[in-house]
Amino acid sequence: MHEPRSPAAPAAGTQPAEADRLRDLLRSPAYQKTLVFCALIGIPVSFTAFWFLAGLHELEHLLWAELPAELGWDIPPWWWPLPLLTLAGILVGLVVRHLPGAGGHVPALGLHAPGLPLAALPGVVLAALASLPLGATLGPEAPLIAFGGGLAMLFAHLARAPVTSQSAALLGAAGAAAALPAIFGNPLIGAVILIEVAGVGGPQLFAVMLPALLSSGIGSLVFTGFGRWTGLSTGGLSFDVKGPSPRIDAGDVLWSVPIAVAIGLALHLIFSTGRLAAVFVSRRPVAHTAACALAAGACAAVYALAADRSPADVASSGQATLAQLAEDPHSWGVGALVAVLLFKAAAYALCLGSLRGGPIFPSLFLGGAVGVLLAPLPGLGVVPGLAAGMAAASAAALRLPVSSAVLVVLVMGSAEMTPVVLLAAVVGFVTVQLLPPGRAVPPMGEHAGAPDDGTPDTPSGHPEHT
């Protein structure tokens, strides 16, 4: 009489086959050539991305710091975002209407794996230049993913390298990974984000992971070297929390759950509003994009009047402001925190549906601000609140819980907050997953003027994450 086979036996029996497939893949001359080419291509891609990101940072500094100072203001006046964001809306609308690729993916749809055609690359660059330095409440990561992936394909064509559908995906991932390290301050984060965005597993995971890790490491070296040589800054995300990192206690763990649920609900509302803005923009790209951008500028202007602070707190990605908040959270009064949360959330939703950029940095700031605002709750500390808020917000916005947890742990610069970060990231992710999906967004570009018929639509070839 034979012993019944355990239910786990078939799964265990597949492990040698998976290992053999991976071994065959790594021994394949074609894959080895692709891996070497990805390493080589990471150098020009990261070099070009460095100057692109440094240019964005310098232009933003010129418009929001140097120019107001030359005109006699310590900080930009309250009305400053209105003309800049109106101009941004007009320029992005023109790119969406007239250039291939519609300036890249709509931010309200979340991050996507690289894969835009080469013809879309000029539109991605122009839309990012028109959005980010002029005050869009968005980050640079989405344009960099598209930019890096497009550059990798461009250099492959210039080198006359044979490109198949499989190698194109690997080159795109490697190019995007080479472009990302500067904005996160760590080469690991960009690679993890791309791996999770791609949604692959098994041997395919290793096939994508190795070129991404390799190019990300090379990109980090290039960014570090050129940053020191030129003295230019790319505005990388990094900050130091003052004082020693506190120990986590039961109160920090318990409070992280309802905080993550609340943040997940709020981010779902923001992205749903962003989708509605995208539907509105799709009907008349130029006029409606300008209207949404102007409304985002009005949010920044009203915040500056109400809180007596710089409108750049709202009209920006939140990257620099988050560093200030983390380094000195007590410099923000309760009224200022409430005001920046309300007005930045509104501007974020409008920009998600109209301008071009990434969703990571504003969500990190909003989550961090919520954590600091709620820190006076009994048993909750400022640093655990900040960590839990950022983890929950980024996981809810991106729907990439692993990437969000890695990002927050590395940015915090300490492993002490890891349990709170993991718990908040999972709860924030699960919260938005259980909520109903938002409104479908019609295609942009040459068909943007068509009436919305409610037919679900996602960018071709890419999973929808938000």
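Residues numbered from 1 in each chain as written. Predicted model: local features only at pLDDT ≥ 70, side-chain atom pairs only at ≥ 80, totals over all residues. Heavy atoms only, no water.

J.: Residues and numbers for the overall build of the protein chain, please.
T.: Within the protein chain, the secondary structure is distributed over 17 helices and zero strands. The 466 residues of the protein chain split such that 53% are buried. A separation of at least 24 residues holds for 81% of the contacts in the protein chain among residues at least 6 apart in sequence. Element-wise, carbon and sulfur atoms account for 67% of the exposed surface of the protein chain, whose accessible area totals about 19300 Å². (Helix = DSSP H or I, 4+ residues; strand = E, 2+ residues; numbered from the N terminus. Buried < 20%, exposed > 50% of the residue type's maximum accessible area, 1.4 Å probe, protein only. Contact = heavy atoms within 4.5 Å. Areas by Shrake-Rupley, 256 points an atom, 1.4 Å probe, with all protein chains shown as cover.)

J.: Quick rundown of the packing of helix H10 (residues 250–283) against helix H11 (residues 285–307)? Include the residues and the values.
T.: Contact geometry of H10 with H11 gives a least axis separation of 6 Å together with a crossing angle of 145°. Along the contact surface, H10 presents Ala-277, Phe-280, Val-281, Ser-282 and Arg-283, while H11 presents Pro-285, His-288, Thr-289 and Cys-292. Tallied by class, the residues present in the contact of H10 with H11 amount to five nonpolar, three polar and one charged. (Axes fitted to C-alpha atoms, helices over the stretch in contact; angles between N-to-C directions. Nonpolar A, V, L, I, M, F, W, Y, C, P; charged D, E, K, R; others polar.)

J.: Tell me about the side chain of His-288, and name the residues and values.
T.: Relative to the helices and strands, His-288 resides in helix H11. You can call His-288 buried: its relative accessible area is 15%. Those residues in contact with His-288 that lie beyond four places of it in its chain are Phe-280, Val-281 and Arg-283.

J.: Explain the packing of helix H12 (residues 319–327) against helix H14 (residues 360–373) to me, and be specific about the residues and the numbers.
T.: Geometry of a packed helix pair, given as the angle between the helix axes and the separation of the axes. Two elements in contact, H12 and H14, have axes whose closest approach is 9 Å; the angle formed by their N-to-C orientations is 25°. Taken as axis vectors, H12 and H14 run roughly parallel relative to one another. For the crossing formed where H12 meets H14, the hand is left-handed. Residues Gln-319, Thr-321, Leu-322 and Leu-325 of H12 form the contact with H14, whose participating residues are Phe-361, Leu-364, Phe-365, Gly-368, Ala-369 and Val-372. Split into classes, the residues belonging to the contact of H12 with H14 amount to seven nonpolar, three polar and no charged. (Parallel < 35°, antiparallel > 145°, perpendicular 65-115°, else oblique. Left-handed = near helix turned anticlockwise from the far one by under 90°.)

J.: Give a detailed account of the nonpolar core, specifying residues and quantitative values.
T.: Note on soluble globular proteins: their nonpolar side chains tend to be buried together. Residues Leu-144, Phe-184 and Tyr-348 are the most contacted members of the largest nonpolar core, which totals 118 residues. Setting aside anything within four residues of it in sequence, one finds Tyr-348 in contact with Thr-137, Leu-138, Leu-267, Ile-270, Phe-271, Pro-359, Pro-362, Ser-363, Leu-366 and Ala-397. (Core = buried A, V, L, I, M, F, W, Y, C linked by side-chain atoms within 4.5 Å.)

J.: Requested: an account of helix H16 (residues 401–412), with residues and values cited.
T.: The end-to-end C-alpha distance of H16, which contains twelve residues, comes to 16 Å, matching closely the 16 Å that a straight helix rising 1.5 Å per residue would cover. Burial analysis of H16 places nine of its twelve residues in the buried class, which makes it a mostly covered element. Positive backbone phi, approximately 75°, marks Gly-413, located one or two places after H16. (Expected span 1.5 Å × (residues − 1).)

J.: Account for the packing of aromatic side chains, naming residues and giving values.
T.: Taken as a whole, this structure holds seven aromatic pairs when the rule is applied. Residues Phe-50 and Trp-51 carry aromatic rings whose centres are separated by 5.3 Å and whose planes lie at 85° to one another, so their mutual orientation is edge-to-face. On the accessibility criterion, Phe-50 (1% relative accessible area) is buried. Each ring, one from Phe-271 and one from Tyr-348, has its centre 6.0 Å from the other, and the planes form 85°; the classification is edge-to-face. Highlighted residues: Phe-271 in helix H10 and Tyr-348 in helix H13 (residues 334–354), separated in sequence by 77 residues. The residues Phe-271 and Tyr-348 share a single accessibility class, namely buried. Within the aromatic cluster, the residues linked to one another by ring pairs are Trp-73, Trp-79 and Trp-80. Above the plane of the ring of Trp-332 lies Arg-309, whose end atom (NZ or CZ) is 3.8 Å from the centre. Above the plane of the ring of Phe-365 lies Lys-344, whose end atom (NZ or CZ) is 5.3 Å from the centre. (Phe/Tyr/Trp six-rings, centres within 6.5 Å; stacked < 30°, edge-to-face > 60°. Lys NZ or Arg CZ within 6 Å of the ring centre and 35° of its normal.)

J.: Lay out a nonpolar patch on the surface with the relevant residues and their values.
T.: On the surface, a cluster of nonpolar side chains totalling about 570 Å² of accessible area is made up of Leu-67, Leu-71, Trp-73, Trp-78, Trp-79 and Leu-305. By the element assignment, Leu-67 lies in helix H2 (residues 29–70). (Patch = residues over 30% accessible without salt bridge, like charges linked within 9 Å, V, L, I, M, F, W, Y side chains within 5 Å. Salt bridge = Lys/Arg side-chain N within 4 Å of Asp/Glu carboxyl O.)

J.: Summarise the environment of Gln-433; cite the residues concerned and give the values.
T.: Inspection of the secondary structure puts Gln-433 in helix H17 (residues 418–434). Taking the C-alpha atoms as reference, Gln-433 lies 9.4 Å from His-268; in sequence the two are 165 residues apart.

J.: Go over the state of the cysteines, please, and point to the residues and values.
T.: Tallied over the full model, the rule gives zero disulfides. The thiol sulfur of Cys-292 is not disulfide-bonded, and the nearest other cysteine sulfur, from Cys-351, lies at 8.8 Å. Among the residues examined, Cys-292 registers a relative accessible area of 6% and is labelled buried. Looking at Cys-351, it has no disulfide partner, and the nearest cysteine sulfur is the one in Cys-299, 8.6 Å off. Classification of Cys-351 by relative accessible area gives buried; the value is 0%. (Disulfide = S-S within 2.5 Å.)

J.: Explain the environment of Gly-101 to me, and be specific about the residues and the numbers.
T.: By the element assignment, Gly-101 lies in the loop between helix H3 (81–98) and helix H4 (121–131). Distance from Gly-101 to Gly-123, taken between C-alpha atoms, is 6.6 Å for residues 22 residues apart in sequence.

J.: Pulling in residues and values, what's your account of the side chain of Thr-137?
T.: Positionally, Thr-137 belongs in the loop between H4 and helix H5 (141–158). Aside from chain neighbours lying at most four places away, what touches Thr-137 is Val-314, Ala-315, Ser-316, Lys-344, Ala-347, Tyr-348, Cys-351 and Pro-362.

J.: I'd like to hear about unusual backbone geometry, residue by residue, with values.
T.: The phi dihedral of Ala-102 is positive, around 55°, even though this residue is not glycine. You can see Ala-102 is positioned in the loop between H3 and H4. Given the relative accessible area of 6%, Ala-102 is considered buried. In this structure, Asp-308 is a non-glycine residue whose phi angle is positive, near 55°. When you line up the elements, Asp-308 lands in the loop between H11 and H12. You can call Asp-308 exposed: its relative accessible area is 68%.

J.: Give me the lowdown on the confidence of the model for the protein chain, citing residues and values where you can.
T.: Across the protein chain, the average pLDDT comes to 79, with 74% of residues at 70 or higher. Overall, residues 1–13 carries pLDDT values under 50, and its contacts beyond four positions in sequence, including any with other chains, amount to one contact. In the predicted structure, residues 446–466 sits below a pLDDT of 50 and forms 46 contacts with residues beyond four places in sequence or in another chain. (pLDDT = per-residue confidence, 0-100.)

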